[in-house]
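Observations on the model geometry
The residues making up each chain are set out below.
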Amino acid sequence: MSRNYAGLSRERIIVEALHIIAGRGLGGLSMRRLGDALDVEAMAIYHHFPKGKEQLFNAIAAYVTTARVVSGLTEGQGPPGDGDGEGEEATGAHPVAVAGADDLPWDRRLTLWAEAYRERLLAYSGALSLLMHRAPHTVGEEDTRALLHAAFTEAGLSEDDVPRACDTLNAYCLGSVAHQVRHEGREDAVDAAEALAGFRFGLRALLTGLSG
C-alpha cells in the first residue's frame, strides 16, 4: 500500500483518533489502527507524538475541552497542542476576545462559554471517559481560566472563591454531559431540546448560587 505522509499533522491525527473513538470506543484506539485510518505507518504518528499514546491522549483531551465560543463572545483558533508542558509550546485552539465581549454581563459571558463547552463535549462524547482522568495544561486552558476568573471576579466572588467557582462550573458542564450521554437510548431519555433546557436550568441555578 502506498503511504503518503504529506499533510499529516497533529490536528489531523487527533481528529481521526476521535473518529475511531466515536465508532469503537476509547479501547478501540491503537496506533496501528490510527495509522491505517490515516494511510500512514504507525511510526509516522510517533513523529508528531514521540511519547506515544499517553501524549496523544493528552492532546485529545486538550482538543476536546477547549470550547470554541462563537456567540458574540469568543472564537477558537489555532491547532491543538498536546498540553504535556515539556519543552514545546502547547498551542491549542483557544478563545480570543472579540469586539463587545467586555460589555456583556458576567453571567452572560459564563452562559455563552458553558453552552459552547457543552456542545463540544457532546460532539466528542466518546472521549468523556478520557476527560474524567486528564486535565490538560495548554494555552487554551489558561485563556479559559482567565475568562472565567474575570467573570466570577466581576460577580463579586472573593479571590479564594473564584478558583472554586471555576472548578464547580467545569464540573457541572462535564457531569451534565456525562449524565445525558449515559441515558441516551433509554426509554426515559429526553430529547435534545429538553436536555438543553435542563442544562440551562441547572446552569442558572449554579450561577445564582455562586454569586448569591
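For the structure itself, look to the data block above.
The present account deals with the structure reproduced in this document. (Residues numbered from 1 in each chain as written. Predicted model: local features only at pLDDT ≥ 70, side-chain atom pairs only at ≥ 80, totals over all residues. Heavy atoms only, no water.)

**Observations concerning the side chain of Q55**
By the secondary structure assignment, Q55 is in helix α4 (residues 53-65). Residue classification places Q55 among the buried positions, given a relative accessible area of 3%. Engagement of the side chain of Q55 in a polar contact is seen with the backbone nitrogen of K51, the distance being 3.0 Å. (Helix = DSSP H or I, 4+ residues; strand = E, 2+ residues; numbered from the N terminus. Buried < 20%, exposed > 50% of the residue type's maximum accessible area, 1.4 Å probe, protein only. Polar contact = N/O pair within 3.5 Å; in protein donor to acceptor, adjacent residues only side chain to side chain.)

**Looking at the packing of helix α5 (residues 106-123) against helix α8 (residues 161-183)**
Put simply, α5 and α8 touch, their axes get as near as 10 Å, and they point 40 degrees apart. Taken together, the axis directions place α5 and α8 in an arrangement best described as oblique. As for how α5 packs across α8, the hand of that crossing is right-handed. Across from L110, W113, A114, Y117, R118, L121 and L122 in α5, the residues of α8 making contact are L169, N170, C173, L174, V177, Q180 and V181. Among the residues forming the contact of α5 with α8, the class breakdown is 11 nonpolar, 2 polar and 1 charged. (Axes fitted to C-alpha atoms, helices over the stretch in contact; angles between N-to-C directions. Parallel < 35°, antiparallel > 145°, perpendicular 65-115°, else oblique. Left-handed = near helix turned anticlockwise from the far one by under 90°. Contact = heavy atoms within 4.5 Å. Nonpolar A, V, L, I, M, F, W, Y, C, P; charged D, E, K, R; others polar.)

**Here we look at the packing of aromatic side chains**
Following the criterion strictly, the structure yields 3 aromatic pairs and no others. Both rings, one in Y172 and one in F199, keep their centres 5.2 Å apart while their planes meet at 25 degrees; by these two values the pair is stacked. In this pair, Y172 sits in helix α8 while F199 sits in helix α9 (residues 192-211), placing the two residues 27 residues apart along the sequence. Note on Y172: relative accessible area 21%, which makes it partly exposed. Classification of F199 by relative accessible area gives buried; the value is 1%. Above the face of the Y63 ring, R120 is positioned so that its terminal group lies 4.8 Å from the ring centre. (Phe/Tyr/Trp six-rings, centres within 6.5 Å; stacked < 30°, edge-to-face > 60°. Lys NZ or Arg CZ within 6 Å of the ring centre and 35° of its normal.)

**Quick look at the environment of L26**
Residue position: L26 is located in the loop between α1 (10-24) and α2 (31-38). A residue is classified by how much of its surface remains accessible, and L26, at 23% relative accessible area, is partly exposed. Along the chain, L26 and S129 lie 103 residues apart, while their C-alpha atoms are 7.9 Å from each other. Beyond its immediate chain neighbours, meaning those up to four positions away, L26 contacts I21, F57, S129 and L130.

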